[in-house]
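Tertiary structure, described
Chain residues, written in single-letter form:
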Amino acid sequence: MTNNFGGPGYGGPGYNEQRALMRSMITRAKFIRAGVFAGAALVAVAFGWGTKLLNGTGSEPQVDKKRDQEFVRLEPTEKYDELRSLGPSSGPLVYTAFERKGRFIPATETQAAQNVPYPIQQPGMDNYDRAGLYAFLAYYFASMNYFYHTGDTEPLSKVTDPEKVLHPEILRLYREKRGWVISADKNVLSANVVDDLIAGEKPKNTSRNILVSTLYTNKATNLAFYVQETGEKQDIHKYLRYLGRFSLAVEHLRGQWVIVADRDGYSNRNTYEPIYPQGFGQL
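Residues numbered from 1 in each chain as written. Predicted model: local features only at pLDDT ≥ 70, side-chain atom pairs only at ≥ 80, totals over all residues. Heavy atoms only, no water.

Per an unreviewed UniProt entry, the protein goes by TFIIF-interacting CTD phosphatase including NLI-interacting factor and derives from Rothia mucilaginosa.

Written as structure tokens, this is what we have:
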């Protein structure tokens, strides 16, 4: 005997098996339906939480946009001059304006480097054009090399904050007069422009005129920090910032070039903060 659905009739052969199968199917259906409801509830909660997060941080882009405008007012009104007639600008960063007191004598285990050329700022270094940007970057790395040989941050402090661009450990070693860097080469770091300083890569999500250049540096061979008290030669590779290939962002503010860094770690928001030299002033 069969029922109206074509299955076995009540009490007939296969009835119990069919009933057990139906119960199993009903149980599975209830489980799936409960899962769907739970998932929907979770999505709803997550959406509500996400909405709260968005509402809580929604003011941040507005704050960044307002802050951007404050920086834009400090930028030049004229357009950056690419000086295309000068041809390509990729290649070594060479600085030539130094105060010299004699022949450079590399450091040894008995004495620090002698007669290290002192970089001086060139006229035109603050110009809002490719030549000015090139001179600024060349001076920046010349000043870093001067520090590595002498421990003196004065030239570097004229264009940036040494505390924020130098590794704290090598600053500490010099300030505690623990020793000096040994390098046979005047350039502890040799910097090169990888791409042209034409317009560079402009960061997105900002109205500021920030230029990002790709650079590459090589370190001198047999480089070490000599600790005078113990005679130890420390490998300073890990203390060198801007080693290898990297991007360097700059902005022209209040009539001069300034290094800028992203406070969010170069995220998509591109919230760049200038690394001002002392006395430059803050916003």
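There's more to say after this.
Here we look at the side chain of His252
Looking at the element boundaries, His252 is found in strand β9 (residues 244-253). Residue classification places His252 among the buried positions, given a relative accessible area of 5%. Setting aside chain neighbours within four positions, we find His252 in contact with Leu74, Glu75, Pro76, Asp126, Asn127, Tyr128 and Trp257. (Helix = DSSP H or I, 4+ residues; strand = E, 2+ residues; numbered from the N terminus. Buried < 20%, exposed > 50% of the residue type's maximum accessible area, 1.4 Å probe, protein only. Contact = heavy atoms within 4.5 Å.)

Quick notes on the packing of aromatic side chains
Scanning the model with the defined rule gives 16 aromatic pairs in all. On the numbers, 6.3 Å between centres and 20° between planes, the contact of Phe136 with Tyr140 is stacked. Residue Phe136 and its partner Tyr140 are located together in helix α3 (residues 130-150), separated by four residues, close to a single helical turn. On the basis of relative accessible area, Phe136 is assigned to the buried category, the value being 1%. When the centroid spacing of 5.9 Å and the interplanar angle of 75° are considered together, the rings of Phe141 and Tyr242 count as edge-to-face. A residue pair is termed long-range when its members are at least 10 positions apart, and Phe141 in helix α3 and Tyr242 in the loop between β8 (232-234) and β9 qualify at 101 residues. In this pair, the class of Phe141 matches that of Tyr242, namely buried. (Phe/Tyr/Trp six-rings, centres within 6.5 Å; stacked < 30°, edge-to-face > 60°.)

Here's the deal with the sheet that holds β9
Within the open sheet, the six strands sit side by side as β1-β5-β6-β9-β10-β11. Their pairing is antiparallel. The open sheet has two edge strands with one neighbour each: β1 (91-92) and β11 (272-274). By the bridge criterion, three bridges tie strand β10 (residues 256-262) to β11 in an arrangement that is antiparallel. Residue pairing in the sheet places Ala261 in a bridge with Glu273 of β11. Running over the sheet, α3 touches β1, β5 (189-193), β6 (210-219), β9 and β10 and is turned about 120° from β9. (Pairing = 2+ DSSP bridges. Axes fitted to C-alpha atoms, helices over the stretch in contact; angles between N-to-C directions.)

Description of the sheet that holds strand β4 (residues 179-182)
Ordered by their spatial adjacency, three strands build an open sheet running β4-β7-β8, and the pairing between neighbours is antiparallel. Either end of the sheet is taken by a strand with one partner, and the two such strands are β4 and β8. In this sheet, neighbouring strand axes are inclined to one another by 30° on average, regardless of whether the strands run parallel or antiparallel. As defined by bridge partners, strand β7 (residues 224-227) adjoins β8 across three bridges and the pair is classed as antiparallel. Within the sheet, the bridge partner assigned to Phe225 lies in β8 and is Gln234. Running over the sheet, helix α6 (residues 168-175) touches β4, β7 and β8 and is turned about 125° from β4.

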